[in-house]
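Results of the structural survey
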Amino acid sequence: MVLLDNGTKAFHFIEADWLIYFPACGNQGKYVGYNVLFSDKKSGTSKPEARVTLGELLDKPEISERYPHTVGYFKPFAESLDSAPEYLELRIIRSVEEFWAFLNSLDI
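Residues numbered from 1 in each chain as written. Predicted model: local features only at pLDDT ≥ 70, side-chain atom pairs only at ≥ 80, totals over all residues. Heavy atoms only, no water.

Counted by the stated rule, this structure contains eleven aromatic pairs. A centroid spacing of 5.4 Å and a plane angle of 80° characterise the contact between phenylalanine 11 and phenylalanine 102, whose relative ring orientation is edge-to-face. In this pair, phenylalanine 11 is assigned in strand 1 (residues 9-13) and phenylalanine 102 in helix 3 (residues 96-105), connecting sequence segments 91 residues apart. Both residues of the pair, phenylalanine 11 and phenylalanine 102, count as buried. (Phe/Tyr/Trp six-rings, centres within 6.5 Å; stacked < 30°, edge-to-face > 60°. Helix = DSSP H or I, 4+ residues; strand = E, 2+ residues; numbered from the N terminus. Buried < 20%, exposed > 50% of the residue type's maximum accessible area, 1.4 Å probe, protein only.)

Rendered as structure tokens:
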């Protein structure tokens with residue numbers, strides 16, 4: 001299991017049931033190259049399973065070919081990873097550019 005600290009920020013792509021975790025530090029530059037942790041809740045777990053680049057993840061057909069997406073932003077806590085996230089904000093995004101704007105608005 002990957003331990004998450006309080007600075008980690010997470011997004012739930014609700015229709016795909018994917019969780020994307022942004023570490024509190026270590027990423028700079030353009031979002032497409034960010035290293036994130038990923039979990040496919042359809043596989044039966046909400047704990048982060050894989051480290052990937054954000055660009056790779058968003059290029060997958062489950063995201064790139066199925067816009068719009070409802071995306072929930074939340075701050076994960078280790079003790080609540082198996083429960084439903086409590087969203088701080090929900091947005092409908094219609095393109096990857098709208099997701100970048102969402103990240104910008106949250107100062108990721």
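Picking up where we left off.
A word on the sheet that holds strand 3 (residues 35-40). Pairing is antiparallel in the open sheet, where six strands are placed in the order 4-3-2-1-5-6. Each end of this open sheet is capped by a strand with a single partner; those strands are strand 4 (50-53) and strand 6 (89-93). Taking the axes of each pair of neighbouring strands and ignoring which way they run, one obtains an average angle of 30° across the sheet. Where strand 3 lies against strand 4, four bridges are found, and the strand directions are antiparallel. Its bridge partner lying in strand 4, asparagine 35 is registered against threonine 53. (Pairing = 2+ DSSP bridges. Axes fitted to C-alpha atoms, helices over the stretch in contact; angles between N-to-C directions.)

Pairing of strand 2 (residues 18-22) with strand 3 involves four bridges; the strand directions are antiparallel. Bridged to tyrosine 21 within strand 3 is leucine 37.

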